[in-house]
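# Survey of secondary and tertiary structure
Residues per chain are reported as follows:
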Amino acid sequence: MNSDNTSDIIATGTSAFAQTYAQLPIVIASGAGCTVTDTDGKTYLDFVAGIAVNALGYGDTDLAKALHAVIDAGITHCSNLYWNTPAVTAAASLVRLSGLKKVFFCNSGAEANEAALKLARKYGHLHKGPNANMVISMQNSFHGRTYGAVTATGQQKYHKGFAPMMPDIAYAQFNDLESVKQLVSERTCAILVEPIQGEGGIIPAERAFLEGLRALCDEQDILLIFDEVQCGMGRLGMPFAFQQFDVTPDAVSLAKGLGAGVPVGALVIGEQAADTFVPGDHASTFGGNFLAGAAAACMTEKLSDPQFLSHITGVSAYLAEQLTGLQKQFPDQITQVRGMGLMMGLAMKEPVRPLIAACLERRLLLVGAGTHVVRFVPPLTVTKADIDQAMGILTEVLISQS
Ligand SMILES: Cc1ncc(COP(=O)(O)O)c(C=O)c1O
């Protein structure tokens with residue numbers, strides 16, 4: 001294909017891509033700040049950020065410098081047979097920022113959760129015996145599309161057509177400690193939970209629920225694993241989401257914002273399970289290569305900057321205020337404002353697809369979280385002026401649909 005023509009690109013993509021996505025009819029060509037521009041030259045304000053990935057927005061000069069440095073050194077990959085400085089730097093930062101002990105690098109959120117599931121079972125085998133392989137995850141959760149991760153995902157719609165799923169995963173009710181307790185037995189090796197359910201509709205965990213899980217896991221020698229793939233890496237105004245809840249897990253899975261646009265995943269492991277994996281237990285060819293390491297080292301350096309974090313806290317409060325105002329203005333359309341930090345949702349009475357399409361037409365990118373929730377996960381560098389512009393467009397659209 002040698003045409004820049006938008007409709008040709010879409011036609012070729014439609015013919016060549018496996019049909020796993022229902023792409024919107026625009027072709028993104030470049031980005032700057034909180035905006036992206038398509039091949040027709042139209043610029044969009046982006047409150048999707050690659051689905052909570054592009055944490056530094058577009059064109060961040062520090063990220064560009066970090067990536068150029070490895071490219072200019074002639075090396076983006078060299079295998080985990082050897083050490084590389086960018087990945088070591090990133091791992092040391094994740095350990096320092098989390099207070100946990102060890103980092104395993106991979107390439108995506110699903111892979112980080114696969115590592116978590118393997119860690120959980122190995123831990124169970126070592127501590128309680130070979131039958132201690134039961135993982136409890138939550139209904140309405142989302143953990144990714146690989147077999148283990150999609151099995152841990154407590155939503156039937158993601159399992160349909162793919163049976164049999166991985167054995168020995170049980171689903172408790174999110175934010176209902178009793179329902180977790182009912183599932184716990186001597187066979188339980190881990191509890192896996194998102195501090196904020198993302199794909200499930202932007203539903204924060206109650207702090208008491210996470211505290212209860214922590215106490216339960218301590219009593220029963222069970223690993224508590226947080227999936228912070230979407231809500232971690234600064235999105236809630238702290239480097240890790242668990243720091244907002246003041247509940248420390250035994251392991252935390254990361255991806256999305258960790259590489260700020262470069263595919264990087266990680267499982268960060270605490271003291272209790274730090275020695276569970278031994279050489280040969282787990283691996284990833286690309287995991288933590290030079291390019292990935294450089295991106296993660298850059299992102300974790302940003303997360304070490306109190307000014308960066310206080311910017312996030314400031315704009316988060318502003319976004320929450322604006323969304324609450326919007327709900328007051330449109331009570332017949334908006335049923336709830338929920339979320340934390342820069343991970344917010346508007347729960348709507350009607351399905352959100354038409355609203356998202358109308359916003360796209362007015363050059364605002366938004367994405368749903370489930371059928372009835374509009375999600376707001378802009379770059380962490382978003383400004384109040386960007387938020388004002390987004391609210392202006394949304395207001396127009398809500399008026400037009402009322
Ligand atoms: C909480 C959570 N976990 C895991 C994943 C899967 O991540 P990936 O698509 O990088 O495999 C996602 C993706 O949306 C997610 O939101």
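In case you missed it, the structure is sitting above this.
Residues numbered from 1 in each chain as written. Predicted model: local features only at pLDDT ≥ 70, side-chain atom pairs only at ≥ 80, totals over all residues.

## Section: the packing of helix 11 (residues 306-329) against helix 13 (residues 384-401)
The relative placement of two packed helices is expressed as an angle between their axes plus a distance between the axes. The criterion, for reference: To get an axis, a line is fitted to the C-alpha atoms, and for a helix only the part in contact is used. The angle between two axes follows their N-to-C directions and goes from 0 to 180 degrees. Numbering of helices and strands runs from the N terminus; a helix is a DSSP stretch of H or I covering at least four residues, while a strand is a stretch of E covering at least two. Angles below 35 degrees are treated as roughly parallel, those above 145 as roughly antiparallel, those between 65 and 115 as roughly perpendicular, and all remaining angles as oblique. By the definition used in this description, the sense in which the near helix is turned from the far one sets the handedness, with an anticlockwise turn below a right angle giving left-handed and a clockwise turn giving right-handed. By definition, residues are in contact whenever their C-beta atoms, placed on the basis of the backbone, come within 7 Å of each other. Residues are sorted three ways: Asp, Glu, Lys and Arg are charged, Ala, Val, Leu, Ile, Met, Phe, Trp, Tyr, Cys and Pro are nonpolar, and all the rest, Gly among them, are polar.
In the contact formed by helix 11 and helix 13, the axes pass within 10 Å of each other and the chain directions differ by 15°. With respect to helix 13, the element helix 11 is oriented roughly parallel. Here helix 11 and helix 13 pass one another in a crossing that is right-handed. On helix 13, the residues that touch Val 315, Tyr 318, Leu 319, Gln 322 and Leu 326 of helix 11 are Lys 384, Ile 387, Met 391, Leu 394 and Thr 395. Class assignment of the residues belonging to the contact of helix 11 with helix 13 gives a composition of 7 nonpolar, 2 polar and 1 charged.

## Let's talk about the sheet that holds strand 1 (residues 28-32)
To keep it simple, the criterion reads: For two strands to be treated as a pair, DSSP must find at least two bridges joining them.
Read from one edge to the other, the open sheet built from 4 strands follows the order 1-2-3-15, with strand pairing classed as mixed. A single partner strand is all that each edge strand has here, and the edge strands are strand 1 and strand 15 (364-365). Where strand 2 (residues 35-38) meets strand 3 (residues 43-46), 3 bridges bridge the pair, whose relative direction is antiparallel. Counterpart to Thr 37 in the pairing with strand 3 is Thr 43.

## Considerations on the sheet that holds strand 12 (residues 265-269)
Within the open sheet, the 7 strands sit side by side as 4-12-11-10-7-5-6. Their pairing is mixed. Looking along the sheet, the strands with just one partner apiece sit at the ends: strand 4 (102-106) and strand 6 (169-172). Neighbour to neighbour, the strand axes of the sheet diverge by 20° on average, direction disregarded. Where strand 10 (residues 223-227) lies against strand 11 (residues 251-254), 3 bridges are found, and the strand directions are parallel. When the sheet's bridge partners are listed, Ile 225 is paired in strand 11 with Ala 251. Its contacts with the sheet place helix 4 (residues 85-98) against strand 4, strand 11 and strand 12, and it is angled at close to 130° to strand 4.

So yeah, pure geometry; function would need other evidence.
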